[in-house]
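Each chain is listed here by its residues.
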Amino acid sequence: MSPDEYCQQKAAESGSSFYYSFLFLPAERRRAITALYAFCREVDDVVDESTDDMVARSKLTWWRKEIQAMLANAPTHPVTRALLPHLTTYQLEGAHLMAVIDGMEMDLNQTRYLDFPALQKYCWHVAGVVGILSASIFGISNPQTKVFAEKLGLAFQMTNIIRDVGEDARKGRIYIPVNELQQFKVTAADILNARHSPEFEALMQFQYERAQKLYDEALAILPPEDRRAQRTGLIMAAIYRTLLSEIQRDSFHVLSQRISLTPIRKLWLAWKTYIRG
C-alpha cells in the first residue's frame, strides 16, 4: 500500500463529513488534504484509543519526532511520507502540525474547562489550526481567508462538542465550560450520568446559538476572491450546520445517542454546495 493509499483508507474508514468535501478537489489538493486529515486522525486516535496516559504521551512524543524528521526530509510513517511533498507547495508550517499534537495532549492533561476562553484555546489547537492548514491547501490569495478558516474550525469543533457530549462523558471528559454548566444549573454528574432535562436543553440551546453565530461570523469574513477556492470549507460548513440543526430538532438528545447524517445526505449537501460555487 502506498502512503497516499494508506491516507485514503484512513480517511474513508472514519466516515467523517470531511471526507465528502474532499471528493470535489483537484487530485493534488485532494491528496494533500487527505494526508493532513490522516495525520489528524492518527494523533487523535493516540488519545482516544489508549487506556494508559503514559503510553499515549509516549506515542505523541514519537509523533513530534516524526514531524521533525519529515521537516528534515526523512519521514518514516506513511502519513508523513504522504504529507511531505505538499509542505512547500501549500506552505504548511511544521509549527502548526506540532500545535495539533499539543492539542491532543491537552486531552491527557485536563477534562474540564472553566470558561469559554479556556475552551477556545483548546479548540484552536485541535480545530482552528487545522482550519488554517486546510485553507492553505485549498488556496489562499487574501490573508483574511486564514481568519475565516480559523473561526470556521472553531465552529466545527463546537458542533462536535455538542454532538459528542454523551460520548465524551463516557470517557470522563466534559467540554462544556464549568461556568456555563453553573449558569444553567446543570451539574457534571447530570452529564456523566446522562440525565436529560429542561435545564440541559437550555444549556445546549445556548451552545447551539453560539455555534451558529460562529458559522455566520466565519462566512461573513470570507474574501469574495477566495470563495471559489474555499468551496471545500463551505461544503464542510453546509454539512455541519445541517447536522447542528438536526441535533436541535431532536431536542439535544445527545447524552445517550450520537446523531448523524446519512452518507447520501452528506453527499447531496456536498454536491449542492459545490454547484452553488
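This write-up is about the structure you can find in this document. Please read these numbers as outputs of a predicted model, since none were measured by experiment.

### Focus on the overall build of the protein
Scanning the protein from N- to C-terminus turns up 15 helices and zero strands. For 277 residues, the compact-globule estimate of 2.2 N^0.38 gives 19 Å, and the C-alpha radius of gyration of the protein, at 18 Å, lies within 12% of that figure. Taken along its principal axes, the extent of the C-alpha atoms in the protein is 50 × 50 × 35 Å. In the protein, which comprises 277 residues, the share counted as buried stands at 53%. A separation of at least 24 residues holds for 72% of the contacts in the protein among residues at least 6 apart in sequence. Working note: accessible area of the protein is about 12600 Å², and carbon and sulfur atoms make up 52% of it.

### Focus: a nonpolar patch on the surface
Side chains of Trp-268, Trp-271 and Ile-275 sit close together on the surface and give an oily, nonpolar patch of about 370 Å² of accessible area. Positionally, Trp-271 belongs in helix H15 (residues 263-276). Of the residues examined, Trp-271 reaches a relative accessible area of 42% and is grouped as partly exposed.

### Comments concerning the environment of Ser-17
Mapped onto the elements of the fold, Ser-17 is located in helix H2 (residues 17-22). When the C-alpha atoms of Ser-17 and Trp-124 are compared, they prove to be 20 Å apart, with 107 residues separating the residues in sequence. The contacts of Ser-17, once residues within four sequence positions are left out, are Ile-239, Tyr-240 and Lys-266.

### Looking at the pattern of salt bridges
According to the stated counting rule, one finds 20 salt bridges in the structure shown. Close ionic contact of Glu-42 with Lys-10 constitutes a salt bridge, the shortest N to O distance being 3.7 Å. With Glu-42 in helix H3 (residues 27-48) and Lys-10 in helix H1 (residues 3-14), the pair connects residues that are 32 residues apart, well separated along the chain. Residue classification places Glu-42 among the buried residues on the basis of a relative accessible area of 11%. Judged by relative accessible area, Lys-10 falls into the buried class, the value being 17%. Here Arg-163 and Asp-164 are joined by a salt bridge, their closest N and O atoms 2.8 Å apart.

### Regarding the packing of helix H4 (residues 53-71) against helix H7 (residues 94-109)
Axis separation between H4 and H7 bottoms out at 10 Å; the angle between their running directions is 180°. Viewed along their axes, H4 and H7 adopt a mutual orientation that is roughly antiparallel. Residues Asp-53, Ala-56, Arg-57, Leu-60, Trp-63, Arg-64, Ile-67, Gln-68, Met-70 and Leu-71 of H4 form the contact with H7, whose participating residues are Gly-94, Leu-97, Met-98, Ile-101, Asp-102, Met-104, Glu-105, Leu-108 and Asn-109.

### Concerning unusual backbone geometry
Outside of glycine, negative phi angles account for most residues, and trans bonds account for most peptide bonds. Positive phi values are uncommon outside glycine, yet Asn-73 reaches one of about 70°. Note that Asn-73 resides in the loop between H4 and helix H5 (78-83). Of note in this structure, Ser-251 is not a glycine but carries a positive phi near 60°. The residue Ser-251 is located in the loop between helix H14 (231-249) and H15 in this model.

### Comments concerning the environment of Leu-219
Note that Leu-219 resides in helix H13 (residues 198-220). Exposure remark for Leu-219: the relative accessible area of 30% places this residue in the partly exposed category. When neighbours within four sequence positions are excluded, Leu-219 is seen to be in contact with Phe-148, Leu-234 and Arg-241.

Thresholds applied
Residues numbered from 1 in each chain as written. Predicted model: local features only at pLDDT ≥ 70, side-chain atom pairs only at ≥ 80, totals over all residues. Heavy atoms only, no water. Helix = DSSP H or I, 4+ residues; strand = E, 2+ residues; numbered from the N terminus. Rg over C-alpha atoms; globule rule 2.2 N^0.38 Å. Buried < 20%, exposed > 50% of the residue type's maximum accessible area, 1.4 Å probe, protein only. Contact = heavy atoms within 4.5 Å. Areas by Shrake-Rupley, 256 points an atom, 1.4 Å probe, with all protein chains shown as cover. Patch = residues over 30% accessible without salt bridge, like charges linked within 9 Å, V, L, I, M, F, W, Y side chains within 5 Å. Salt bridge = Lys/Arg side-chain N within 4 Å of Asp/Glu carboxyl O. Axes fitted to C-alpha atoms, helices over the stretch in contact; angles between N-to-C directions. Parallel < 35°, antiparallel > 145°, perpendicular 65-115°, else oblique.

Read these as spatial facts, not as claims about activity.
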